[in-house]
Amino acid sequence: MTDTPLSDEARHAVKMAKKKAARDRMMEKKEGEKGLIIVHTGAGKGKSSSGFGMILRCIAHEMPCAVVQFIKGAWDTGERRLIEGRFSDLCQFHAMGEGFTWETQDRARDIAMARKGWEKARDLIRDPEIRMVLLDEINIALRYDYLDIAEVVAFLETEKPPMTHVVLTGRNAKEELIGVADLVTEMTMVKHPFRSGIKGQPGVEF
């Protein structure tokens with residue numbers, strides 16, 4: 001007697017059932033939780049956007065969180081308006097930069113602002129009540145040596161509370177930071193409208 005061939009729907013159901021069983025077995029072994037060091041880097045768009053997406057998740061879960069914005073802190077961004085206007089009770093927002101280095105053209109001032117931002121970041125990270133701290137564009141400050149990468153890495157390794165998440169964004173993340181991170185995502189640019197003469201637009205870029 002010949003077996004009746006399975007329909008496409010039945011074959012799909014069998015395949016998904018096997019995947020679910022394998023996934024369930026894998027998840028049974030995942031029990032640990034910890035505060036993560038998360039790095040978003042790369043030339044593609046989406047690094048800060050992803051970081052702010054995590055901040056909004058924290059807000060939705062009523063988890064106290066904070067943002068320290070390096071370099072582009074002078075910008076009037078949508079995320080800053082939203083957080084300061086509606087969620088300041090759950091999320092602190094500290095805009096510490098004055099623009100990209102080619103705009104300020106004052107290295108000493110850029111270094112001073114980066115140091116001030118890092119001091120604020122350390123205070124926030126040390127606070128055990130704060131569950132996530134986003135250090136937006138800190139990788140730019142590290143790239144230009146406005147901050148000492150060894151100091152930043154040592155602090156994250158030795159002083160970050162065990163359950164605090166720290167998200168660090170910006171292109172050209174240094175290898176030392178990647179080495180200490182738990183999660184690293186590199187955004188790859190495939191196409192960008194700026195190269196076609198389209199300027200940054202509200203709701204997309206800021």
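For the structure, check the block above.
I will try to describe carefully the structure that is included in this document. (Residues numbered from 1 in each chain as written. Predicted model: local features only at pLDDT ≥ 70, side-chain atom pairs only at ≥ 80, totals over all residues. Heavy atoms only, no water.)

**Thoughts on the sheet that holds strand S3 (residues 91-95)**
Then comes step 1: If you trace the six strands from one edge of the open sheet to the other, you get S3-S2-S4-S5-S1-S6, paired in parallel fashion. Both edges of this open sheet fall to S3 and strand S6 (183-186), since each of them pairs with a single strand only. Going across the sheet, the axis of each strand differs from the next one's by a mean of 10°, ignoring polarity.
Then comes step 2: Note that strand S2 (residues 65-69) and S3 share five bridges and pair parallel. What sits directly across from Ala66, in S3, is Gln92. (Pairing = 2+ DSSP bridges. Helix = DSSP H or I, 4+ residues; strand = E, 2+ residues; numbered from the N terminus. Axes fitted to C-alpha atoms, helices over the stretch in contact; angles between N-to-C directions.)

**Focus on the pairing of S2**
Then comes step 1: The element S2 is largely enclosed, with a buried count of five among its five residues.
Then comes step 2: Taking every second residue as pointing to the same face, both faces of S2 are buried, with Cys65, Val67 and Gln69 on one and Ala66 and Val68 on the other.
Then comes step 3: The sheet contact formed by S2 and strand S4 (residues 132-136) spans five bridges and is parallel. By the bridge assignment for S4, Cys65 is matched with Met132. (Buried < 20%, exposed > 50% of the residue type's maximum accessible area, 1.4 Å probe, protein only.)

**Considerations on the side chain of Thr164**
Then comes step 1: You can see Thr164 is positioned in the loop between helix H7 (149-158) and strand S5 (165-169).
Then comes step 2: The buried category is assigned to Thr164, whose relative accessible area is 2%.
Then comes step 3: Ignoring anything within four residues of it in the chain, the contact list for Thr164 reads Gly35, Leu36, Ile125, Ile130 and Arg131. (Contact = heavy atoms within 4.5 Å.)

**Concerning the nonpolar core**
Then comes step 1: Judged by nonpolar contacts, the single largest core of 32 residues is most densely connected at Leu135, Leu156 and Leu168.
Then comes step 2: At the level of elements, strand S1 (37-41), S2, helix H5 (107-126), S4, helix H6 (138-143), H7, S5 and helix H8 (175-180) are the ones that each hand at least two residues to this core.
Then comes step 3: Residues in contact with Leu168, not counting those within four places in the same chain, are Ile37, Ile38, Val39, His40, Leu135, Ile138, Asn139, Leu156 and Leu177. (Core = buried A, V, L, I, M, F, W, Y, C linked by side-chain atoms within 4.5 Å.)

**Regarding the pairing of S1**
Then comes step 1: The buried count for S1 comes to five of five residues, which makes it a mostly enclosed element.
Then comes step 2: Of the two faces of S1, both are covered, the one formed by Ile37, Val39 and Thr41 as well as the one formed by Ile38 and His40.
Then comes step 3: In terms of strand pairing, S1 meets S5 through four bridges, oriented parallel. By the bridge assignment, Val39 is partnered in S5 with Leu168.
Then comes step 4: One ladder, built from four bridges, connects S1 with S6; its direction is parallel. Looking across to S6, one finds that His40 is bridged to Thr185.

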